[in-house]
Amino acid sequence: LFTDISSELSKISDQMVMEYVRQSNYFDKKGEIALKGSLPKDWQGYVPDCYFNFDSQGFDINPFTKQYTGWRAFQYYPFLGTFWPTNGSTDDVLIRLPAEFRQDENGKFNLDIYRTNLAILEVLVKQKDTVFDETFDEKLAGIDLNNDGKLTHTNTIKFRPDLPYAGMAGKLLKERKIYLEPGLFPQGTEFLHTVRYINWDDKNNIPKLSPRIKEVRYAYKEEWFSSMELQSMLWRKMEERHPSKSTNPEPQLEAFAGDFEKGMKNIFGWRYSGFIEDKNGNLRPQTNEETTYCMGCHDTIGATTDSTFSFVRKFSWGYWKETGLKGIPEPVVEYKKFGKVGEYSFYLKNNKSANEFRNNQEVIEKFFNPDGSLKQDMVEKLKTDISVLLYPSKERAIHLNKSYMVMVKRQGYIFGREQIGNLEKVVHKELEKDKKTGIIDTVY
C-alpha cells in the first residue's frame, strides 16, 4: 500500500493511458467474446456469454444468433466509497434468472413473462410496493400484481410475502419444485459485474465506461437455503469467530470451498468467480487468492441482501445512458436512530472523505470546510445530482487509470486493487510498541 510508484507513473503519458482504456480486451477482432477462445476446452467454470448488445429495455442480444442471452442490465446507486468512479473505476451489473423464469407455462420463451418475473423478484427482494416505468399484463401472468381485485395492465406491483412468479416458474412454484421467500433470490440466479477503467466523454465533459475491462465478476446461486436455515448457519459462524460464545477456545479462520475455476462458495449457497487483466492487458481467470479477495464482501457482512449489493440499489432497468449518473438524485435511506437522511451526504459526514482510506483530496476540497464540516451548498447540489460527488475531474481520472496500469504490469492484485495515490501522507504512521495510537473513536 505504501510503495512509491511515481517513477512508473511518469513513464505513462495521458495519451498512452487513454488509448489503452479505449481498446476492448473483452471482444476479439471479429466481435466474439475473447475468453471463449482463450479458455481451456475442458473449462468447468463460467464462460462469459454476455455481448453487451442491449435492446431498449436492457435485454442483451447475441448479435450472431439474434437470440436473447437472458442477461438484463439495470441502473443502480453505486455502493458507498469503493464503487464511486471518483475512487478509480466505472462498472455495470446484469442479472439473469433461470430458463423457467423466462418461459410461459408450456415451456416457450416469453419476454413479457420474463419482464414480469424480474419485476416480481425486485418487489420480493426489496420487500416493498414498487411503481415501475414499464407495464405488465396481469392476464398473461395470471396474477393480480397491484392487488386491486382485477386482471388488467399495471405498472404497480404490491408486495406480499406469497407473491407468486408467472409462467413456468409459477407452475413449478405450485409444485414445490422451486422456492420463494422475501429477501432471497431463487436458486439459479446469476449476476455479471464488469469493473472498468474511467473513459472520458469529451462532448459532455464527464466520465464514462471504458471498452477495456479490469475485471469480469460472476455470481451463481447454486443452492437454496431458507431464512431459518441461514440463521442457523450464521449462529454457527458467530461461534467460530468468537471463542467466548463457544466451547472452542480458538477462533476459526474464514475458509471458502471451491477453486478459481468453478468459483468459491459462501454459506448462502452462492459461487463467485472472476477474470482479471494479465500483464499484457488480456483477461485471465483469477487465482484462488485473488478470488478470496472478493469473498469477504460477499459473505456475512450486513450491507448485503442475500450476499449481493447492487439489485436492492436498482432504480431503473436498462444499461447506463450517455449521461450516466448525471442528474440522478441522491438516494434517501432511513435509519432507526437517525430517521431519513441522504445516504451519500450521511456517509461523507461520518467518514470525513469519499473513500475508506480518507485520501480522496479532490472530494475533501470540494465538499468539506477547513474545520471538517460539510459545505452545505454542495450538500444541496448532491440532493439532485450525485455526479457532483461521484465523478472525478478528468485529471484525476487519468491519474487513477495510470495507477491501475502500474498494478496490472506488476500483477500485484493480492496487495489490493484500490488506486491509493498519496496514502502514506494520510494514514502511514510509525507507532511505538505498547504505546497508544492516538486514534479516538467518534460516534455521531
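Heads up: the structure comes first, above all this text.
Residues numbered from 1 in each chain as written. Predicted model: local features only at pLDDT ≥ 70, side-chain atom pairs only at ≥ 80, totals over all residues. Heavy atoms only, no water.

A. Spatial organisation of the state of the cysteines. What the rule picks out here adds up to zero disulfides. With no disulfide partner, Cys50 has as its closest neighbouring cysteine sulfur the one in Cys294, 18 Å distant. The class of Cys50 is buried, set by a relative accessible area of 0%. Judged by its relative accessible area of 13%, Cys294 is buried. (Disulfide = S-S within 2.5 Å. Buried < 20%, exposed > 50% of the residue type's maximum accessible area, 1.4 Å probe, protein only.)

B. Region of the structure containing the layout of surface pockets. Put simply, the second largest pocket is a space of about 730 Å³. In this structure, the second largest pocket is lined by 25 residues; those nearest its centre are Lys126, Lys128, Val312, Arg313 and Lys314. Within the residue set of the lining of the second largest pocket, elements represented by two or more residues are helix 4 (111–126), strand 4 (130–137), strand 12 (314–317) and strand 13 (332–335). For the lining of the second largest pocket, a count of residues per class yields 13 nonpolar, four polar and eight charged. (1 Å grid on protein atoms, 1.4 Å probe; cavity = no way out; pocket = protein on both sides within 12 Å on 5 of 7 lines; lining within 4 Å. Points joined across faces, edges and corners; volume = space filled by probe spheres on them. Helix = DSSP H or I, 4+ residues; strand = E, 2+ residues; numbered from the N terminus. Nonpolar A, V, L, I, M, F, W, Y, C, P; charged D, E, K, R; others polar.)

C. Representation of the packing of aromatic side chains within the structure. The final tally for this structure, using the stated rule, is 37 aromatic pairs. A centroid spacing of 5.4 Å and a plane angle of 85 degrees characterise the contact between Tyr26 and Phe52, whose relative ring orientation is edge-to-face. In this pair, Tyr26 is assigned in the loop between helix 2 (14–21) and helix 3 (34–38) and Phe52 in the loop between helix 3 and strand 1 (59–61), connecting sequence segments 26 residues apart. The same class applies to Tyr26 and to Phe52, which are both buried. Residues Phe54 and Tyr319 carry aromatic rings whose centres are separated by 4.7 Å and whose planes lie at 20 degrees to one another, so their mutual orientation is stacked. Here Phe54, found in the loop between helix 3 and strand 1, pairs with Tyr319, found in the loop between strand 12 and strand 13; they are 265 residues apart in sequence, far enough to count as distant. Each residue in the set Phe74, Tyr76, Tyr77, Phe185, Phe191, Trp270, Tyr272, Phe311, Phe315, Trp317 and Trp320 is aromatic and connected to the rest through ring pairs, giving one cluster. The ring of Phe52 carries the charged tip of Arg196 above its face, separated from the ring centre by 5.0 Å. Lying across the ring of Tyr197, Lys214 places its NZ or CZ 5.1 Å from the centre. (Phe/Tyr/Trp six-rings, centres within 6.5 Å; stacked < 30°, edge-to-face > 60°. Lys NZ or Arg CZ within 6 Å of the ring centre and 35° of its normal.)

D. The arrangement of the pattern of salt bridges in detail. A full pass over the atoms with the stated rule returns 26 salt bridges. Here Glu134 ties to Arg115 by a salt bridge, and the two come within 2.9 Å at their closest N and O atoms. Within this pair, whereas Glu134 is found in strand 4, its partner Arg115 is found in helix 4, the two being separated by 19 residues in sequence. Residue Glu134 shares its accessibility class with Arg115, and that shared class is buried. Of the charged contacts, one joins Lys314 and Glu122 as a salt bridge, the two residues approaching to 2.8 Å between their closest N and O atoms. Here Lys314, found in strand 12, pairs with Glu122, found in helix 4; they are 192 residues apart in sequence, far enough to count as distant. Accessibility expressed as a relative area gives 7% for Lys314, which makes it buried. Among the charged side chains, a salt-bridge network with shared partners connects Arg72, Asp112, Arg115 and Glu134. (Salt bridge = Lys/Arg side-chain N within 4 Å of Asp/Glu carboxyl O.)

E. Inspection of the nonpolar core at higher detail. Counting 72 residues, the largest nonpolar core has Ile95, Phe367 and Leu389 as the members making the most contacts within it. Looking at which element gives the most residues to this core, the answer is helix 4, with 10 residues. (Core = buried A, V, L, I, M, F, W, Y, C linked by side-chain atoms within 4.5 Å.)

F. Local environment of the environment of Asn401. Within the secondary structure, Asn401 sits in helix 13 (residues 394–410). Taking the C-alpha atoms as reference, Asn401 lies 24 Å from Lys29; in sequence the two are 372 residues apart.

G. Just the packing of helix 2 against helix 13, in detail. Running from N to C, helix 2 and helix 13 point in directions that differ by 75 degrees, and their axes come no closer than 10 Å. Between helix 2 and helix 13, the angle falls in the class roughly perpendicular. Every residue of helix 13 that contacts helix 2 at Asp14, Val17, Met18, Tyr20 and Val21 is listed here: Ile398, Asn401, Lys402, Met405 and Val408. For the contact of helix 2 with helix 13, a count of residues per class yields seven nonpolar, one polar and two charged. (Axes fitted to C-alpha atoms, helices over the stretch in contact; angles between N-to-C directions. Parallel < 35°, antiparallel > 145°, perpendicular 65-115°, else oblique. Contact = heavy atoms within 4.5 Å.)

H. Region of the structure containing helix 9 (residues 343–351). For helix 9, the tally of buried residues reaches seven of nine residues, placing the bulk of the element in the interior. Within helix 9, the full set of buried residues consists of Glu343, Tyr344, Ser345, Phe346, Tyr347, Leu348 and Asn351. In this structure, the buried side of helix 9 is in contact with strand 13, strand 14 (339–342), helix 10 (361–367), helix 11 (376–384) and helix 12 (387–390). Following helix 9 by one or two positions, Lys352 has its phi on the positive side, about 65 degrees.

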